[in-house]
Amino acid sequence: MIEVEVFGVDAAPHSPRAQEAIPRLEEIRRLCTLATDFAGVSQGHLAIEFVDAQRIAELNLQHRSLPKPTDVLSFPIDGAEPVQGGRELGDVVICIEHTADVREAIVHGVLHLLGMDHETDGGEMLELQRELLAQEPT
């Protein structure tokens, strides 16, 4: 089983768009499980955190040397190589203010935790992301 913790929902901007943008906990877990199931990871733990633009800009500067906000950042804990079996997967940090689709940001971030990289893979990660998001809840 994939354990998913969610933080910062209360810290998200209080605009109606921001509050509507954050999926319910069940949907967040379903999206995380879709991504991990594809990679054959059936056990592990990950965290999703919602932060403001200032915090994600700080993290982006610290970890990517980019002094600006972004939509989503992923921080693998046990490395970024593709994984099998259970482990501490890591953290996905999402800024609602800079995210067009929070569901997409969740899947995107989890795929990065699983070792995928759209900047080097010839489009496979983004295609998989589209396929996963097209799946209806069961």
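The preceding data block contains the structure.
Residues numbered from 1 in each chain as written. Predicted model: local features only at pLDDT ≥ 70, side-chain atom pairs only at ≥ 80, totals over all residues. Heavy atoms only, no water.

### Quick look at the sheet that holds strand β3 (residues 72–76)
On the basis of which strands lie adjacent, the open sheet formed by 4 strands has the order β1-β2-β4-β3 and mixed pairing. With one partner strand each, in any of the chains shown, β1 (2–7) and β3 form the two edges of the open sheet. Across the sheet, the mean angle separating the axes of adjacent strands is 15° when strand polarity is ignored. Two elements, β3 and strand β4 (residues 87–95), share 5 bridges in a ladder whose sense is antiparallel. By the bridge assignment, proline 76 is partnered in β4 with glycine 90. Here helix α3 (residues 53–64) sits on the sheet in contact with β2 (44–51), β3 and β4, set at roughly 50° to β3. Against the sheet, helix α4 (residues 102–113) engages β2, β3 and β4, with an angle of about 145° to β4. (Pairing = 2+ DSSP bridges. Helix = DSSP H or I, 4+ residues; strand = E, 2+ residues; numbered from the N terminus. Axes fitted to C-alpha atoms, helices over the stretch in contact; angles between N-to-C directions. Contact = heavy atoms within 4.5 Å.)

### Some details on the packing of helix α2 (residues 25–38) against α4
For the pair α2 and α4, interaxial distance at closest approach is 9 Å and the crossing angle is 40°. When the axis of α2 is compared with that of α4, the two are oblique. In this structure, α2 meets α4 at a crossing whose hand is right-handed. Residues Glu27, Ile28, Arg30, Leu31, Cys32, Ala35 and Thr36 of α2 form the contact with α4, whose own contacting residues are Arg103, Ile106, Val107, Val110 and Leu111. Counted by class, the contact of α2 with α4 contains 8 nonpolar, 1 polar and 3 charged residues. (Parallel < 35°, antiparallel > 145°, perpendicular 65-115°, else oblique. Left-handed = near helix turned anticlockwise from the far one by under 90°. Nonpolar A, V, L, I, M, F, W, Y, C, P; charged D, E, K, R; others polar.)

### Focus on the nonpolar core
In this structure, Leu46 and Ile48 are the most contacted members of the largest nonpolar core, which totals 30 residues. Elements supplying a minimum of two residues to this core: β1, α2, β2, β4, α4 and α5 (124–134). Looking at this core, the element that brings in the most residues is α4, giving 7 residues. Sequence-distant contacts of leucine 46, that is, excluding residues within four places in its chain, are made with Ile2, Glu3, Val4, Glu5, Cys32, Leu89, Gly90, Val110 and Leu113. Counting 7 residues, the second largest nonpolar core, distinct from the first, contains Val51, Leu59, Val93 and Cys95. (Core = buried A, V, L, I, M, F, W, Y, C linked by side-chain atoms within 4.5 Å. Buried < 20%, exposed > 50% of the residue type's maximum accessible area, 1.4 Å probe, protein only.)

### Focus on the layout of surface pockets
Volume-wise, the largest pocket comes out at about 340 Å³. Contributing to the lining of the largest pocket are 15 residues, with Arg64, Val72, His112, His118 and Glu119 lying nearest its centre. Only α3, β3 and α4 provide two or more residues apiece to the lining of the largest pocket. With 4 residues, β3 is the largest single contributor of residues to the lining of the largest pocket. Classifying every residue of the lining of the largest pocket gives 4 nonpolar, 7 polar and 4 charged. (1 Å grid on protein atoms, 1.4 Å probe; cavity = no way out; pocket = protein on both sides within 12 Å on 5 of 7 lines; lining within 4 Å. Points joined across faces, edges and corners; volume = space filled by probe spheres on them.)

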